[in-house]
Amino acid sequence: MPFIHIPQPWQLPEREATSEGAFLNRRRFLQGLSGISIAGAALPLWGCEQQSEADQPIIGVQPLPASPNADFLQAGRPITNETLAATHNNFYEYGSSKNIWKNAQKLPLEDWKVEVTGLVSQPRTYDLADLYKFPLEQRLYRFRCVEAWAMVVPWLGFPMSAILKDVEPTPQAKFVRFTSYYDRTITKGPIFPPGDFLPFPYHEALRIEEMANDLAFFAVGIYGHTLPKQHGAPLRAVIPWKYGFKGAKSIVKIEFTDTQPETFWNTLSPGEYKFEANVEPEVAHPRWSQRKERLIASGSQFEWKEIPTLLYNGYGEFVGNLYG
Ligand code: MTE
């Protein structure tokens with residue numbers, strides 16, 4: 001299977017998103033896990049397609065009214081350009097490059113259901129209409145990827161605590177696990193042959209006190225409309241004081257447990273991706289420092305601004321009490 005990478009004008013080379021060394025190391029890391037050479041491989045043949053309206057990355061979305069939450073009107077940094085945010089994604093079900101937005105359009109949203117189960121008194125299954133019935137808020141949050149890129153995004157959605165109220169976890173419930181949509185015929189993973197070495201479905205988890213914190217958010221929209229598929233439509237987790245990998249996309253199951261669930265990246269590389277995964281500038285990733293981050297600048301072209309990383313991504317006043 002050939003891999004040809006023809007960059008699009010809007011496309012950022014991955015090596016600019018992460019430091020060169022970290023980028024090559026992550027590739028090597030995945031390569032080591034798979035036993036398959038992916039050096040130089042970035043994309044299947046998408047670059048060969050004709051330019052068309054299919055090159056518009058914000059597609060299949062509907063306007064979504066939401067009230068701005070007064071606590072999150074400002075992020076102390078400019079909002080990231082919407083097109084840049086929609087073309088620079090991590091969604092390993094659809095590939096390991098940042099340029100997965102076209103491939104992610106395969107995600108089927110029809111008849112979406114989110115099952116809430118496990119240690120709860122009122123188990124529930126929500127459909128899309130149920131999700132959009134929650135009182136929706138807009139929150140401008142800082143977003144920090146463990147790879148040291150960062151952005152500022154206006155999410156639309158509802159606090160995770162709204163689900164806690166609905167389903168009433170039992171006293172035994174100590175953790176919550178989120179599972180993303182996975183169908184091996186659609187979400188084929190990053191490489192050919194299919195990336196079976198990755199522990200799909202993508203799964204993440206929080207302590208129940210973290211889920212109850214007012215900052216913990218379920219997004220059903222972004223930039224005034226429903227989520228584009230590449231951002232994790234129709235429902236994704238947003239936990240802004242933690243690294244971005246904690247925010248599972250395209251959630252189909254929410255399960256309450258009494259023991260700490262395994263998580264996707266922690267299972268792959270426990271020394272590098274911790275369960276807690278709070279943004280902490282003084283706790284280096286084993287392969288790169290976390291003291292600085294590279295903010296996607298607010299213009300329409302990719303530009304990076306290096307800025308200091310803030311403890312808990314600057315949300316210490318909301319979450320500091322969780323960590324003593
Ligand atoms: N959720 C799923 N299902 N699959 C993924 O690969 N990547 C995570 C997180 N959620 C991921 C996921 C990582 S590493 C990051 S940084 C964010 O999604 C990226 O979110 P964005 O692409 O909307 O910016």
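Residue numbers here run from 1 along each chain, matching the order of that chain's written sequence. With pLDDT at 70 or above as the cut-off, local features in this predicted model cover only qualifying residues; side-chain atom pairs require 80 or more to be listed or tallied, and sums for whole chains, interfaces and linings still use all residues. Calculation of side-chain values draws on the structure's entire complement of heavy atoms; hydrogens and water are dropped beforehand.

**Regarding the sheet that holds strand β3 (residues 124–127)**
Selection rule: Any two strands are treated as partners once DSSP identifies two or more bridges connecting them. Secondary structure elements follow DSSP: runs of H or I of four or more residues count as helices, runs of E of two or more count as strands, with numbering from the N terminus. Axis definition: a line fitted to C-alpha atoms, limited for helices to the stretch in contact. Angles are taken between N-to-C directions and run from 0 to 180 degrees.
If you trace the five strands from one edge of the open sheet to the other, you get β3-β2-β11-β6-β7, paired in mixed fashion. Strands with a single pairing partner mark the edges of an open sheet, and in this sheet they are β3 and β7 (203–207). The mean inter-strand angle of the sheet, taken between neighbouring strand axes irrespective of direction, is 15°. Looking at chain direction, strand β6 (residues 175–180) and β7 are connected through five bridges and run antiparallel. Its bridge partner lying in β7, F175 is registered against R207.

**Quick word on the pattern of salt bridges**
Filter applied, for reference: Every case where a carboxyl oxygen of Asp or Glu lies within 4 Å of a side-chain nitrogen of Lys or Arg is listed as a salt bridge. Throughout this description, buried means an accessible area under 20% of the type-specific maximum (1.4 Å probe, protein chains only), exposed means over 50%, and partly exposed covers the range between.
Counting across every chain of the model gives 14 salt bridges. Between E210 and K242 there is a salt bridge, with the nearest N and O atoms lying 2.8 Å from each other. One end of the pair, E210, is in helix α6 (residues 208–212); the other, K242, is in the loop between β10 (236–238) and β11 (251–257), with 32 residues separating them in the sequence. Residue classification places K242 among the buried residues on the basis of a relative accessible area of 2%. The partner of K292 in a salt bridge is E306, and the shortest N-O contact between them spans 3.9 Å.

**Regarding the site of the ligand**
Cut-off, in case you're wondering: Think of it this way: one heavy atom of a residue within 4 Å of a molecule or strand is enough to make that residue near it. Counted as a polar contact is a pair of N or O atoms within 3.5 Å, where, for protein atoms, one must be capable of donating a hydrogen and the other of accepting one, and residues adjacent in sequence contribute only when both atoms are in side chains. Using a 1.4 Å probe, accessible areas were evaluated by the Shrake-Rupley method; residue-level cover was limited to the displayed protein chains. Amino acids outside the nonpolar list (Ala, Val, Leu, Ile, Met, Phe, Trp, Tyr, Cys, Pro) and the charged list (Asp, Glu, Lys, Arg) are all regarded as polar, and Gly is one of them.
Close contacts around the ligand come from 18 residues, with Y92, E93, R236, G247 and K249 the closest. S180 places a polar side-chain atom, nitrogen or oxygen, 2.9 Å from a nitrogen atom of the ligand. At 2.8 Å, a backbone N or O of G247 approaches a nitrogen atom of the ligand. Alone, the ligand offers 530 Å² of accessible surface; in the complex the protein occludes 100% of this. Here the shell around the ligand is built from residues that sort into nine nonpolar, six polar and three charged.

**Examining the side chain of D55**
Structurally, D55 is set in the loop between α2 (20–34) and β1 (67–68). There is a polar contact of 2.5 Å between the side chain of D55 and the side chain of K102.

**Thoughts on the environment of L119**
Heads up, the condition is: Residue contacts are defined here by distance: any two heavy atoms, one from each residue, within 4.5 Å place the two residues in contact.
Here L119 lies in the loop between β2 (113–118) and β3. Residue L119 is classed as partly exposed on the basis of its relative accessible area of 26%. Residues L119 and F175, 56 residues apart in the sequence, show an inter-C-alpha distance of 9.5 Å. Residue contacts for L119: discarding those within four places in its chain leaves P169, T170, Q172, A173, F256, T257 and D258.

**Examining the side chain of S97**
Checked against the element boundaries, S97 lands in the loop between α3 (82–85) and β2. Its relative accessible area of 6% is what places S97 among the buried residues. Engagement of the side chain of S97 in a polar contact is seen with the backbone nitrogen of N99, the distance being 2.9 Å.

**Examining the packing of aromatic side chains**
Let me state the cut-off plainly: Working definition: rings of Phe, Tyr and Trp (its six-membered ring) pair if their centres are within 6.5 Å, and the pair is stacked with planes under 30 degrees apart, edge-to-face with planes over 60 apart, and tilted otherwise. By the criterion adopted, a ring carries a charge over it if an Arg CZ or a Lys NZ lies within 6 Å of its centre and within 35 degrees of its normal.
Using the criterion set out here, one finds 22 aromatic pairs in the structure. Ring centres of F134 and F158 lie 4.1 Å apart, and the angle between their planes is 20°; on these two criteria the pair is classed as stacked. Separated by 24 residues along the polypeptide, F134 in the loop between α4 (128–133) and β4 (137–144) and F158 in strand β5 (residues 149–159) bring together distant segments of the chain. F158 shares its class with F134; the two are buried. On the basis of an interplanar angle of 80° and a centroid distance of 6.0 Å, the ring pair of F175 and F275 is categorised as edge-to-face. Remark: F275 occurs in the loop between α7 (264–268) and β12 (292–296) and F175 occurs in strand β6; sequence separation between them is 100 residues. Given the relative accessible area of 13%, F175 is considered buried. Through pairs of rings, three or more aromatic residues link up here, namely Y92, Y182, F200, Y202, F245, F264, W265 and Y273. Its guanidinium or amino end placed over the ring of Y315, R142 lies 4.3 Å from that ring's centre, counting from NZ or CZ. Taking the ring centre of F275 as reference, the NZ or CZ of K246 above it sits at 4.2 Å.

**Re the environment of A173**
On the secondary structure map, A173 appears in the loop between α5 (161–167) and β6. Considering only alpha carbons, one finds A173 and F256, 83 residues apart in sequence, at a separation of 5.7 Å. When neighbours within four sequence positions are excluded, A173 is seen to be in contact with L119, I208, F256 and T257.

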